[in-house]
Structure formats: C-alpha cells, structure tokens
Amino acid sequence: EAALKLTVRYRINQNPESLVRLAQEVDTDVERIRELVVASIRSDIRTSMNHLRTSEFRDDKKRNEAVDEARTVSSKRLAAWGIELEDITLKQYRFVRLLDGGSEDTS
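Okay, so let's go over this structure. (Residues numbered from 1 in each chain as written. Predicted model: local features only at pLDDT ≥ 70, side-chain atom pairs only at ≥ 80, totals over all residues. Heavy atoms only, no water.)

So, the nonpolar core
The nonpolar side chains of a soluble globular protein tend to be buried with one another.
So, point 1. Membership of the largest hydrophobic core comes to 17 residues, with the highest contact counts inside it found for M49, V67 and I83.
So, point 2. Breaking this core down by element, the ones donating at least two residues are α2 (30-49), α4 (60-79) and β2 (83-95).
So, point 3. Per element, the largest residue contribution to this core is five residues, and it comes from α2.
So, point 4. Sequence-distant contacts of M49, defined by excluding residues within four places in its chain, comprise L4, F57, R63, A66, V67 and L90. (Core = buried A, V, L, I, M, F, W, Y, C linked by side-chain atoms within 4.5 Å. Buried < 20%, exposed > 50% of the residue type's maximum accessible area, 1.4 Å probe, protein only. Helix = DSSP H or I, 4+ residues; strand = E, 2+ residues; numbered from the N terminus. Contact = heavy atoms within 4.5 Å.)

Observations concerning α2
So, point 1. With 20 residues, α2 should reach 28 Å at 1.5 Å per residue; the first-to-last C-alpha distance of 28 Å fits that figure.
So, point 2. Tucked inside the fold, the buried residues of α2 contact β1 (2-12), α1 (16-25), α3 (54-57), α4 and β2. (Expected span 1.5 Å × (residues − 1).)

What to know about the environment of D87
So, point 1. Mapped onto the secondary structure, D87 falls in strand β2.
So, point 2. For the pair D87 and D68, spaced 19 residues apart in sequence, the C-alpha to C-alpha distance is 9.2 Å.
So, point 3. When neighbours within four sequence positions are excluded, D87 is seen to be in contact with T7, V8, R9 and R71.
So, point 4. Reaching out from D87, the side chain makes a polar contact with the side chain of R71 at a distance of 3.2 Å. (Polar contact = N/O pair within 3.5 Å; in protein donor to acceptor, adjacent residues only side chain to side chain.)

Quick notes on the side chain of S18
So, point 1. Here S18 is to be found in helix α1.
So, point 2. Aside from chain neighbours lying at most four places away, what touches S18 is N13, W81 and G82.

Here's the deal with the pattern of salt bridges
So, point 1. All chains considered together, the criterion is met by eleven salt bridges.
So, point 2. Here R32 ties to D27 by a salt bridge, and the two come within 3.4 Å at their closest N and O atoms.
So, point 3. Overall, the relative accessible area of 43% leaves R32 in the partly exposed class.
So, point 4. D27 sits in the partly exposed class, given a relative accessible area of 23%.
So, point 5. Each of R11, E84 and E86 takes part in salt bridges that share partners, so that together they form one network. (Salt bridge = Lys/Arg side-chain N within 4 Å of Asp/Glu carboxyl O.)

So this is what it looks like as structure tokens:
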C-alpha cells in the first residue's frame with residue numbers, strides 16, 4: 001500500500017444560493033464540511049492513484065497526472081455545494097503495509 005501525505009486547499013463560495021444548498025444538504029458546521037472535503041479527496045485520490053503501477057509512483061509526471069485527475073474529479077463533485085477546490089499537493093508518499101496491532105512494515 002502507498003501512504004500519501006497531502007495538502008488540500010479549498011474555500012467556500014459566498015454565493016447565497018451555494019451557501020443555502022451547503023447548509024441544507026451538508027451542514028453549517030465547519031468540521032462537518034471539512035469531513036466532506038476529506039472524504040471526497042480521499043476517495044478520488046485513491047481511485048486515481050490506483051491506476052498507477054508501483055514503478056509509475058516514482059515517475060513525477062505520472063504521479064502528478066494522477067493527482068491532477070483526482071483534483072478535477074473532486075472539484076466537480078464539491079462544486080455542487082459551492083466548495084471550491086483550490087489545490088491538492090502531494091507532499092510525500094511511501095510504501096507501507098499495516099500489520100496487526102497497528103505497526104508498519106516499510107520493507
């Protein structure tokens with residue numbers, strides 16, 4: 001498995017129609033909105049990165065294309081609630097296997 005460290009920047013569109021839809025369909029609590037953004041990005045980044053072979057992870061171009069794909073998909077999904085995705089930055093990745101008890105095998 002690949003462990004990814006991402007930075008995601010987004011903002012809430014101040015359009016009244018978007019704000020009403022966000023409040024009605026998601027929540028007004030900032031933490032709940034953040035949870036929606038995290039869940040969406042997590043899903044889309046997994047889908048995009050799963051298209052890469054292990055060797056392609058090391059290729060900056062291929063890796064960045066996968067992140068761009070996730071950004072595009074997530075932007076469209078979140079735009080429905082007036083959430084504007086500004087950027088997804090892949091800071092770090094590493095290959096790791098989770099073992100029983102929560103420890104990690106990075107060999």
